[in-house]
Amino acid sequence: MVTINVNKFKCGYCGACVGVCPAGALELVETWIEVNETCTSCGICAKICPVGAIEVKK
Amino acid sequence: MKNEYDVIVIGAGPAGSIAAKTAALKGLDVLLIEKRQEIGDPVRCAEGVSKIWLRKHIEPDHRWICADVKGSRIYSPDGTMIEMAEEIAGGEVGYVLERKLFDRALAYESAKAGAEVMVKTRAMDLIMENGFVRGVKVMHLGETYDIRAKIVIGADGVESKVGRWAGIDTSLKPADIETCAQYLMSGTGIDQNYCYFYLGNDIAPAGYVWIFPKGEDLANVGIGILGSKSGGKHAVDYLNEFVKKTYPNARILEMDVGGVPVSGSIEKTIANGLMLIGDAARQSDPITGGGIINAMEAGKIAGEVAYKAISKGDVSTKALQEYENKWRSTIGYEIDNSLIVKETFTSFTDKEIDSLAHSLEGVNFSSMSLLDLLYALFRANKKLLWDLRVLFKNVVKYELDFER
Ligand SMILES: Cc1cc2nc3c(=O)[nH]c(=O)nc-3n(C[C@H](O)[C@H](O)[C@H](O)COP(=O)(O)OP(=O)(O)OC[C@H]3O[C@@H](n4cnc5c(N)ncnc54)[C@H](O)[C@@H]3O)c2cc1C
Ligand code: SF4
Ligand code: SF4
């Protein structure tokens, strides 16, 4: 199940979200962010993204 | 690409390139991998760096230097300005770089020293055997490869995974990261001799706005806020507000975003067969957010220790402890002091910042060091001295240079 949504049109592929994810669920691949199933929907990545590109799905 | 090297360095930022260069110069067989297709791009940096420290690692080249800086102007929330300038014989104190070209120049140095460099090559995992890191699983143009190495150096920046793969938790808490956005702008009209800093919880909660000259009429206008203060509004929203109010007629030529670790030293940066360096080891300065010089310093130490360890045939944590000790007693020491300052300053209200700034009015600064600024603040504010007494104790013990 995908628990967050990254708006790839906003994302500046900076990797900050990857650095804060406690679950290690994120990966910056070339110019996009990939999310794996270990995401716990904690919302930290969405909070710190400099451009607000991440949305946590309820 | 071969299937075995002495050293594999993951990430071709300043940390990785200096580590690869240092190890290659010692005669080791080195592979430097970078997942991007262009080293240094996109930029996630304000590009300010101290001259003296830079010279320790590379001869300055006008091709990647945009501006020479002779001082800083710091503005408190009510507009009080503190100027810190320094005229060193023969030149100014700082440079503003073109990181795209600078990072590539550093990678080129490592290639000239004999390292093999591969772009569009992403580390996906470590090869682990009997509790030792023995190489890296990489993806290059969609194909995966196992490459073995005696030592792996993780220089993979703020998004580092290398430490986690080896069991070192490097994840940053929201209060341990500055979340940043920056525009390269033309037409701000700033004096190109200065770097500008604007403080205040309204414009940049627990952070600051910076304006760094980039030559001609260009400047990096950026903002960093503490991750714990982000959410409702993000860094880019604060930046847009500042720019709209301050430079309504300036033009945006580039947008950069990024995160700077401000956690201070982490517990462990080595494992059997592994060293972490630069932002991957969270070695950026918690108060200024500067990380280029620390990354290069750590890269140099790691390259040297890799050579010693491999020569002795021992790549265990026991042999790599020398890296840990060396960086902690040099850059680590300053990082820890900055962390104390950060924790005090991020708790200040705008009123408190203003009153600190007022207390400095008329003080003549002949140097740009944070330490001198602190001394002046201590003289004028007894309470601050008390809050930062731990730091003061350390300062008395060692001659400190905060400038990097
Ligand atoms: C907005 C902003 C402003 C800043 N301003 C300044 C400043 O003015 N002065 C200053 O000194 N510092 C500044 N910094 C900090 C500075 O940019 C960093 O500290 C510095 O770049 C760290 O260097 P590094 O080599 O450790 O990491 P990086 O420069 O981040 O390099 C890491 C490299 O590793 C690559 N990588 C990551 N994962 C993998 C993988 N799995 N496989 C292969 N490659 C990988 C990345 O693509 C990247 O190229 C700023 C940072 C930000 C975000
Ligand atoms: S923090 Fe935001 S801008 Fe940066 S890579 Fe993650 S989603 Fe993209
Ligand atoms: S919501 Fe939490 S667990 Fe999920 S990707 Fe973001 S930071 Fe990681």
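The model shown is predicted, which means the values in this text are computed figures rather than measured ones.

Undergrad: What is the right way to look at the site of ligand 3 in this model?
TA: Around ligand 3, the neighbouring residues are A:Ile4, A:Cys21, A:Pro22, A:Ala23, A:Leu26, A:Cys39, A:Thr40, A:Ser41, A:Cys42, A:Gly43 and A:Cys45. Partitioning the shell around ligand 3 into residue classes produces eight nonpolar, three polar and no charged.

Undergrad: Would you mind showing me how to read the interface of chain B and chain A here?
TA: Contact residues are listed per partner, giving 29 residues for chain B and 25 residues for chain A. Residue B:Arg122 is joined to A:Glu27 by a salt bridge in which the shortest nitrogen-to-oxygen separation is 2.8 Å. At the junction of chain B with chain A, the criterion picks out 16 residue pairs in polar contact (both at pLDDT 80 or more). Mapped by element, the contributors of at least two residues to the side of chain B that touches chain A are strand E9 (121-129), strand E12 (177-186), helix H5 (235-246) and strand E16 (251-261) of chain B. If you tally residues by element for the side of chain B that touches chain A, the top one is E16(B), at four residues.

Undergrad: Help me understand the pattern of salt bridges, please; the structure alone is not making it clear to me.
TA: Should their charged atoms come close, side chains of opposite charge can pair. Applying the stated criterion across every chain yields a total of 25 salt bridges over all chains. As a salt-bridge pair, B:Asp6 and B:Lys150 come within 2.7 Å of each other at their nearest N and O atoms. Here the residue B:Asp6 occupies a position in strand E1 (residues 4-10), and B:Lys150 occupies one in strand E11 (residues 143-154), the gap between them amounting to 144 residues. With a relative accessible area of 39%, B:Lys150 lands in the partly exposed category. Residues participating in the shared-partner salt-bridge network are A:Glu27, B:Arg122 and B:Lys161.

Undergrad: Just to check I follow, could you spell out the domain arrangement of chain B for this structure?
TA: Many structure descriptions define interface size as the accessible area lost when the parts assemble. Residue and element names in this part refer to chain B. Splitting chain B by domain gives domain 1 (4-44 + 100-172 + 263-329), domain 2 (70-90 + 173-261) and domain 3 (337-403). Residue-level contacts link 21 residues of domain 2 with 18 residues of domain 3. For the pair domain 2 and domain 3, the two sides together bury roughly 1500 Å², of which 60% comes from carbon and sulfur. Linking domain 2 with domain 3 are zero salt bridges, by the criterion used here. Linking domain 2 to domain 3 there are seven residue pairs in polar contact (both at pLDDT 80 or more). Listed by contribution, the elements that provide at least two residues to the side of domain 2 that touches domain 3 are strand E5 (71-75) and strand E6 (81-85). Top element by residues in the side of domain 2 that touches domain 3 is E6. It accounts for four residues. Here the residues of the side of domain 2 that touches domain 3 are counted per class, giving nine nonpolar, six polar and six charged.

Undergrad: How should I be thinking about the sheet that holds strand E15 (residues 218-226) of chain B in this particular structure?
TA: Backbone-to-backbone hydrogen bonds pair the strands of a sheet. The strands run either parallel or antiparallel. Residue and element names in this part refer to chain B. Ordered in space as E6-E5-E13-E14-E15-E12-E16, the seven strands form an open sheet in which the pairing is mixed. Both edges of this open sheet fall to E6 and E16, since each of them pairs with a single strand only. For this sheet, the mean angle separating the axes of adjacent strands, direction not counted, is 15 degrees. Two strands pair when backbone bridges link them, and E5 and E6 are joined in this way by five bridges, in the antiparallel orientation. Within E6, the residue paired with Ser-72 across the bridge is Met-84.

Undergrad: Sorry if this is basic, but what is going on with unusual backbone geometry here?
TA: Where the residue is not glycine, phi is negative for most of them; where a peptide bond is considered, it is trans in most cases. B:Asp41 connects to B:Pro42 through a cis peptide bond whose omega is 0 degrees. With respect to the helices, strands and loops of the structure, B:Pro42 is situated in the loop between strand E2 (30-33) and strand E3 (48-50). One non-glycine residue with positive phi stands out, namely A:Ser41, at about 60 degrees. Looking at the secondary structure, you find A:Ser41 in the loop between strand E3 (32-35) and helix H2 (44-48). Given a relative accessible area of 29%, A:Ser41 falls into the partly exposed group. For B:Glu216, which is not glycine, the phi torsion reads 45 degrees and is therefore positive. Topologically, B:Glu216 is positioned in the loop between strand E14 (208-213) and E15.

Undergrad: Can you walk me through the environment of B:Lys268 in this structure?
TA: All names here are of chain B. Along the chain, Lys-268 falls in the loop between E16 and strand E17 (270-271). When its relative accessible area of 39% is taken as the criterion, Lys-268 is described as partly exposed. It is 37 Å that separates the C-alpha atoms of Lys-268 and Ala-67, two residues lying 201 residues apart in sequence. Here Lys-268 is in contact with Ile-168, Glu-324 and Arg-328, once residues within four sequence places are set aside.

Undergrad: How should I be thinking about the packing of helix H6 (residues 292-312) of chain B against helix H7 (residues 317-329) of chain B in this particular structure?
TA: In a pair of packed helices, the angle between the axes and the distance between the axes together describe the arrangement. Residue and element names in this part refer to chain B. Viewed as axis vectors pointing N to C, H6 and H7 meet at an angle of 160 degrees, and their least axial separation amounts to 9 Å. Judged by the angle between their axes, H6 and H7 are roughly antiparallel. Between H6 and H7 lies a crossing whose hand is right-handed. Each of Ala-298, Ile-301, Ala-302, Val-305, Lys-308 and Ala-309 in H6 lies in contact with H7, whose residues at this interface are Ala-319, Leu-320, Glu-322, Tyr-323, Lys-326 and Trp-327. Broken down by class, the residue content of the contact of H6 with H7 amounts to nine nonpolar, no polar and three charged.

Cut-offs and rules
Residues numbered from 1 in each chain as written. Chains lettered and ligands numbered in written order. Predicted model: local features only at pLDDT ≥ 70, side-chain atom pairs only at ≥ 80, totals over all residues. Heavy atoms only, no water. Near = heavy atom within 4 Å. Nonpolar A, V, L, I, M, F, W, Y, C, P; charged D, E, K, R; others polar. Contact = heavy atoms within 4.5 Å. Salt bridge = Lys/Arg side-chain N within 4 Å of Asp/Glu carboxyl O. Polar contact = N/O pair within 3.5 Å; in protein donor to acceptor, adjacent residues only side chain to side chain. Helix = DSSP H or I, 4+ residues; strand = E, 2+ residues; numbered from the N terminus. Buried < 20%, exposed > 50% of the residue type's maximum accessible area, 1.4 Å probe, protein only. Domains from an automatic or database assignment. Buried area = accessible area lost by both parts, 1.4 Å probe. Pairing = 2+ DSSP bridges. Axes fitted to C-alpha atoms, helices over the stretch in contact; angles between N-to-C directions. Parallel < 35°, antiparallel > 145°, perpendicular 65-115°, else oblique. Left-handed = near helix turned anticlockwise from the far one by under 90°.

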